[in-house]
Amino acid sequence: MKHLAAYLLLGLGGNTSPSASDIKGVLESVGIEADDERLEKLLSELEGKDINELIASGSEKLASVPSGGSGGGAAAGGAAAGGSAPAEEAAAAPKEEEKEESDEDMGFGLFD
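Reading the values: the criteria
Residues numbered from 1 in each chain as written. Predicted model: local features only at pLDDT ≥ 70, side-chain atom pairs only at ≥ 80, totals over all residues. Heavy atoms only, no water. 1 Å grid on protein atoms, 1.4 Å probe; cavity = no way out; pocket = protein on both sides within 12 Å on 5 of 7 lines; lining within 4 Å. Points joined across faces, edges and corners; volume = space filled by probe spheres on them. Helix = DSSP H or I, 4+ residues; strand = E, 2+ residues; numbered from the N terminus. Nonpolar A, V, L, I, M, F, W, Y, C, P; charged D, E, K, R; others polar. Buried < 20%, exposed > 50% of the residue type's maximum accessible area, 1.4 Å probe, protein only. Arc of directions from axis to C-beta. Contact = heavy atoms within 4.5 Å. Salt bridge = Lys/Arg side-chain N within 4 Å of Asp/Glu carboxyl O. Core = buried A, V, L, I, M, F, W, Y, C linked by side-chain atoms within 4.5 Å.

Enquirer: How should I be thinking about the layout of surface pockets in this particular structure?
Expert: Computed from the structure, the largest pocket encloses a volume of approximately 220 Å³. Lining the largest pocket are 13 residues, with Gly 11, Leu 12, Thr 16, Ile 51 and Asn 52 sitting closest to its centre. Secondary structure elements with two or more residues in the lining of the largest pocket: helix H1 (2-12) and helix H4 (51-63). Here the element with the most residues in the lining of the largest pocket is H1; it accounts for four residues. Here the lining of the largest pocket is built from residues that sort into six nonpolar, five polar and two charged.

Enquirer: Is there a simple way to think about helix H2 (residues 20-29) in this case?
Expert: Working note: α-helix, 3.6 residues per turn, so residues spaced by three or four point in the same direction. All of the buried residues along H2 are Ala 20, Ile 23 and Leu 27. Each buried residue of H2 sits inside an arc of 70 degrees when the element is viewed along its axis, so together they form one side. Away from its buried face by more than 90 degrees, H2 exposes Ser 21, Glu 28 and Ser 29. As for H2, its buried residues are in contact with H1 and helix H3 (36-46). Backbone geometry just after H2 places Gly 31 at a positive phi near 80 degrees.

Enquirer: Just checking my understanding: could you explain the pattern of salt bridges for this structure?
Expert: As enumerated under the stated definition, the model contains three salt bridges in all. Of the charged contacts in the structure, one is a salt bridge between Asp 36 and Lys 24, with a shortest N-O distance of 2.7 Å. Of this pair, Asp 36 sits in helix H3 while Lys 24 sits in helix H2, and the two are 12 residues apart along the sequence. Take Lys 24: its relative accessible area is 27%, and that puts it in the partly exposed class. Glu 45 is paired through a salt bridge with Lys 41; the nearest N and O atoms lie 3.7 Å apart. Taken together, the residues span about one helical turn, with Glu 45 and Lys 41 both in helix H3 at a distance of four residues. Overall, the relative accessible area of 44% leaves Glu 45 in the partly exposed class. A residue is classified by how much of its surface remains accessible, and Lys 41, at 52% relative accessible area, is exposed.

Enquirer: I'm lost on the nonpolar core in this one. Help?
Expert: Grouped burial of nonpolar side chains is what soluble globular proteins tend to show. The biggest cluster of nonpolar side chains holds 11 residues, and these are Ala 6, Tyr 7, Leu 10, Ala 20, Ile 23, Leu 27, Ala 34, Leu 39, Leu 42, Leu 43 and Leu 46. At the level of elements, H1, H2 and H3 are the ones that each hand at least two residues to this core. If one sorts the elements of this core by residue count, H3 sits on top with four residues. If near-sequence neighbours (up to four positions away) are discounted, Ile 23 is found in contact with His 3, Ala 6, Tyr 7, Leu 10, Pro 18, Leu 39 and Leu 43.

Below, the structure written as structure tokens:
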């Protein structure tokens, strides 16, 4: 990730085709040592490709990945199937009604 971040920073700075030494320079400027093997792999993967097109393509792929919403239902279903004793205790416990606070306590009403 650090190599890709440096690559993207160089791209934002106007260097559309950063070299390994450019990326190492960015990383070394903030005290991070570059991993030559990973850096060469990254550069070989990105060679001849437009980073903006890659980002757009990745965003389209991520948009098709389902996320959120369905995970909570399974957990709730498992808790309900766990037994009826806790549910019976909750039903047997007397419910206290909350008393509505009066506007007079504050000295003014919301719609006055």
